[in-house]
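Descriptive analysis of the structure
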Amino acid sequence: MSSELLEFIKTNFIIGVYFVTLLISIFSYRKYFDTTLKYFPILIAYTFLNELLGHLVRYSDNFAFLTDKLFANDIIYNIYDIFYYGFFYILYWRLITQQKYRHWVKILTMLVIASYVVSCFFQNPLKISLFYATSFASVVLVITCILYLIDKGSNWHWYKEKYNLVWWVTIGLILFHSIFPILFIIGYLPGDTWEKYELQTVLRLFILLMYIFFCIGFIKSRKRNFG
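All of the points below concern the structure found in this document.

Conventions adopted
Residues numbered from 1 in each chain as written. Predicted model: local features only at pLDDT ≥ 70, side-chain atom pairs only at ≥ 80, totals over all residues. Heavy atoms only, no water. Core = buried A, V, L, I, M, F, W, Y, C linked by side-chain atoms within 4.5 Å. Buried < 20%, exposed > 50% of the residue type's maximum accessible area, 1.4 Å probe, protein only. Helix = DSSP H or I, 4+ residues; strand = E, 2+ residues; numbered from the N terminus. Contact = heavy atoms within 4.5 Å. Axes fitted to C-alpha atoms, helices over the stretch in contact; angles between N-to-C directions. Left-handed = near helix turned anticlockwise from the far one by under 90°. Nonpolar A, V, L, I, M, F, W, Y, C, P; charged D, E, K, R; others polar. 1 Å grid on protein atoms, 1.4 Å probe; cavity = no way out; pocket = protein on both sides within 12 Å on 5 of 7 lines; lining within 4 Å. Points joined across faces, edges and corners; volume = space filled by probe spheres on them.

So, about the nonpolar core. Formed by 54 residues in total, the largest nonpolar core has its most connected members in L37, F40, Y84, F88, Y92, V169 and L173. Looking at this core, the elements that each hand over two or more residues are α1 (3-27), α2 (40-59), α3 (69-95), α4 (99-122), α5 (131-152), α7 (165-177), α8 (180-188) and α10 (199-220). Tallying contributions element by element places α3 first for this core, with nine residues. Among residues more than four places away in sequence, those in contact with Y84 are L43, L141, L173, H177 and M210.

Spelled out as structure tokens, the structure:
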């Protein structure tokens, strides 16, 4: 196998991961079509198309809607982040039963919105990723996932949760977003740390791990164990 082909696979395999996950989510849709995760396949499809668009903008000389490809890429992901984090905040706010935890999720969500607004005063969202706000949103998502797990409390039982799609999604999100803010900020800081330690590859491997958990959830889940 040529080095060029290996590099192509290394760079683009994650797009295939999104696509395979989307297919599995669609084939499993009857299990959760009437639950709070009923729009999850749309988010996965958006992720797949967004990543594909980002790839075309960055690497194709014949595809661009802005002169500066890097800027165009940042716009795409800044818009995507709002929908991505908003989806999960709403999801867990609906799933959590204790009012104090629901209130915390609401407060944290408002803080995330405020962080994006404030970031726009210091960073041009048309020209650069709002990486500080996105990193904060990622940390808040981990906290929200943990609140969901705490909310389940004594009702948590492995024999049931292993068939609960939300549980697999939650663990996948925690694993990825626990490391994502650190890697994401390093990627925008001066220095050669990002390239030296091939952190982009590390990030993609954590994305793969998260989506493996999603796929396991889609395959193993049972409708009666949802929630």
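The subject of this paragraph is the packing of α5 against α7. Two measures define how a pair of helices packs: the angle their axes make with one another and the distance between the axes. For the pair α5 and α7, the least separation of the axes is 9 Å and the interaxial angle reads 145°. As for how α5 packs across α7, the hand of that crossing is left-handed. Contact residues: α5 offers S138, L141, V142, C145, I146, Y148 and L149, while α7 offers V166, W167, T170, I171, L173, I174 and H177. Tallied by class, residues from the contact of α5 with α7 come to 11 nonpolar, three polar and no charged.

Here we come to the layout of surface pockets. The computed volume of the second largest pocket comes to approximately 270 Å³. If you trace the second largest pocket, you find 13 residues lining it, with I82, G86, Y89, T109 and I113 closest to the centre. Residue assignment for the lining of the second largest pocket shows that the elements contributing at least two residues are α3 and α4. A total of seven residues in the lining of the second largest pocket trace back to one element, the largest contributor, which is α3.

On to empty space enclosed by the protein. The final tally for this structure, using the stated rule, is one cavity of 30 Å³ or more. In this structure, the largest cavity encloses a volume near 30 Å³. Where the lining of the largest cavity is concerned, the elements lending two or more residues are α2, α3 and α10. Of the residues forming the lining of the largest cavity, the biggest block, four residues, is contributed by α2. Considering only residue class, the lining of the largest cavity consists of eight nonpolar, one polar and no charged.

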